[in-house]
Amino acid sequence: MVRLGCRGRAFGPVRAVIFDKDGTLADVAHYLRWVAIARADHIAADFPDLKEPLLQAFGVRGNHLDPTGLQAVGTRQENLIAAAAFVATQGIPWIAALERANAAFAAADREFTAKAELTPPLAGVMELVEQLHRAGCALAIISSDRTSEIEAFLDTYQLKPFFQLWQGGDEPPTKPDPQVFLRVCDRLGVHPNQAVVIGDADSDGLMAQRGGAAGSIGVTWGWPLPPALNYCDCLLTSPWEMEITADAS
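This section reports on the structure supplied with the text.

Rules and cut-offs
- Residues numbered from 1 in each chain as written.
- Predicted model: local features only at pLDDT ≥ 70, side-chain atom pairs only at ≥ 80, totals over all residues.
- Heavy atoms only, no water.
- Helix = DSSP H or I, 4+ residues; strand = E, 2+ residues; numbered from the N terminus.
- Rg over C-alpha atoms; globule rule 2.2 N^0.38 Å.
- Buried < 20%, exposed > 50% of the residue type's maximum accessible area, 1.4 Å probe, protein only.
- Contact = heavy atoms within 4.5 Å.
- Disulfide = S-S within 2.5 Å.
- Right-handed = clockwise from strand over helix to strand, strands pointing away.
- Arc of directions from axis to C-beta.
- Core = buried A, V, L, I, M, F, W, Y, C linked by side-chain atoms within 4.5 Å.
- Axes fitted to C-alpha atoms, helices over the stretch in contact; angles between N-to-C directions.
- Parallel < 35°, antiparallel > 145°, perpendicular 65-115°, else oblique.
- Left-handed = near helix turned anticlockwise from the far one by under 90°.
- Nonpolar A, V, L, I, M, F, W, Y, C, P; charged D, E, K, R; others polar.

## Comments concerning the overall build of the protein chain
When helices and strands are counted, the protein chain shows ten helices and eleven strands. In terms of C-alpha radius of gyration, the protein chain reaches 19 Å, essentially the compact-globule figure of 18 Å for 249 residues. C-alpha extents for the protein chain along the principal axes are approximately 65 × 30 × 30 Å. The buried share of the protein chain, reckoned over its 249 residues, is 54%. At a minimum sequence separation of 6, the contacts of the protein chain that also span at least 24 residues come to 65%.

As structure tokens, this is what we get:
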């Protein structure tokens with residue numbers, strides 16, 4: 001077990017650390033913006049007036065992506081439902097609107113078939129993961145990304161040996177539902193109050209808070225425009241700021 005230090009806050013003894021992926025482990029800011037634009041473009045091919053409202057809804061702000069916006073934080077399904085709702089405002093029946101949105105998302109997917117290769121680990125993240133692993137922490141991932149993409153990321157960057165398990169947004173419940181956190185803790189064999197959540201979104205902090213975690217550490221190191229985080233216990237701007245010490249108890 002270890003104790004984690006975060007700008008004067010101490011958490012421990014800790015037996016497990018549960019990471020978010022996109023924006024926490026993986027550098028996705030530019031990739032997600034490209035995907036959002038592609039999705040909006042494919043929908044706008046049939047409904048030109050929807051392009052700008054869709055970009056706003058996805059969180060595209062000029063040359064940047066809002067790290068608290070739908071594209072950055074939401075699951076694929078949540079983004080799909082939102083896009084279909086915009087299509088439905090054009091007088092399209094709901095099922096047909098869903099089909100139109102799904103077709104647009106699928107077309108965008110074909111443009112970006114190698115997400116893992118385009119979203120490498122953020123600076124300092126691999127060192128942090130290795131240090132926690134050496135200290136004896138069980139490591140897991142709870143992400144809004146698809147489980148297959150989590151596995152591809154871990155495989156691409158040889159990180160899979162460090163993580164005991166991972167769960168994506170295609171396996172409900174999803175963040176911030178505390179049940180997903182409690183399920184992962186159970187599978188790791190740790191009590192929730194022995195686990196710390198590290199993530200870049202309010203959904204991570206809320207999940208930890210509602211699930212009775214030892215604490216939640218918000219991180220801003222994955223975004224050019226740092227997100228405002230309201231539910232984390234402390235905030236870090238770099239992986240190198242984390243203090244990891246052996247627990248003497």
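Here the narrative resumes, following the displayed structure.
## Comments concerning the state of the cysteines
Under the defined criterion, the tally for this structure stands at one disulfide. Between Cys 137, a cysteine without a disulfide, and Cys 185, which holds the nearest cysteine sulfur, the sulfur-to-sulfur distance is 12 Å. With relative accessibility at 4%, the residue Cys 137 sits in the buried group.

## Examining the pairing of strand β8 (residues 195-199)
Across the five residues of β8, five count as buried, placing the element largely inside the fold. Alternating positions in β8 separate into two faces, Ala 195, Val 197 and Gly 199 on one and Val 196 and Ile 198 on the other, with burial throughout. In this region the chain leaves β8, passes through helix α10 (residues 202-211) and returns to the parallel neighbour strand β9 (residues 215-219); the handedness of that crossover is right-handed.

## A word on helix α7 (residues 125-134)
Where α7 is concerned, the buried positions are Val 125, Leu 128, Val 129 and Leu 132. Here the buried residues of α7 occupy an arc of 100 degrees about the axis, which is enough to place them on one side. Looking at the buried side of α7, the elements it contacts are β1 (2-6), β3 (16-19), β6 (138-142) and β11 (243-246). Positive phi shows up at Gly 136, right after α7, with a value of about 95 degrees.

## Things to note about the nonpolar core
With 63 residues, the main nonpolar core has Leu 4, Phe 19, Phe 163 and Ile 217 as its most contacted residues. When residues of this core are assigned to their parent elements, the largest contribution, eight residues, is made by helix α1 (residues 29-44). Leave out the neighbours within four places in its chain, and Leu 4 touches Arg 9, Ala 10, Phe 11, Val 14, Val 17, Leu 132, Val 196, Met 242, Glu 243 and Ile 244.

## Points about the packing of helix α9 (residues 178-188) against α10
One way to put it is that α9 packs onto α10 with a least axis distance of 8 Å and a crossing angle of 70 degrees. Overall, the two elements α9 and α10 adopt an arrangement that is roughly perpendicular. Considering how the two elements wind past one another, α9 and α10 form a crossing that is right-handed. Residues Pro 178, Val 180, Phe 181 and Leu 182 of α9 lie in contact with α10, whose contacting residues are Met 207, Arg 210 and Gly 211. Along the lines of polarity and charge, the residues of the contact of α9 with α10 split into five nonpolar, one polar and one charged.

## Notes on unusual backbone geometry
What you tend to see is this: most non-glycine residues have negative phi, and most peptide bonds are trans. Cis peptide bonds are those with omega within 30 degrees of zero, and the linkage from Gly 12 to Pro 13 qualifies with 0 degrees. Considering the arrangement of structural elements, one finds Pro 13 in strand β2 (residues 9-14). For the bond running from Pro 172 to Pro 173, omega is 5 degrees, close enough to zero to count as cis. With respect to the helices and strands, Pro 173 occurs in the loop between β7 (165-167) and α9. The phi torsion at Arg 7 lies on the positive side, around 50 degrees, for a residue other than glycine. Arg 7 sits in the exposed class, given a relative accessible area of 52%. Here Gln 158, not a glycine, exhibits a phi torsion of approximately 50 degrees, which is positive. One can find Gln 158 in the loop between α8 (147-156) and β7. Owing to a relative accessible area of 58%, Gln 158 belongs among the exposed residues under this scheme.

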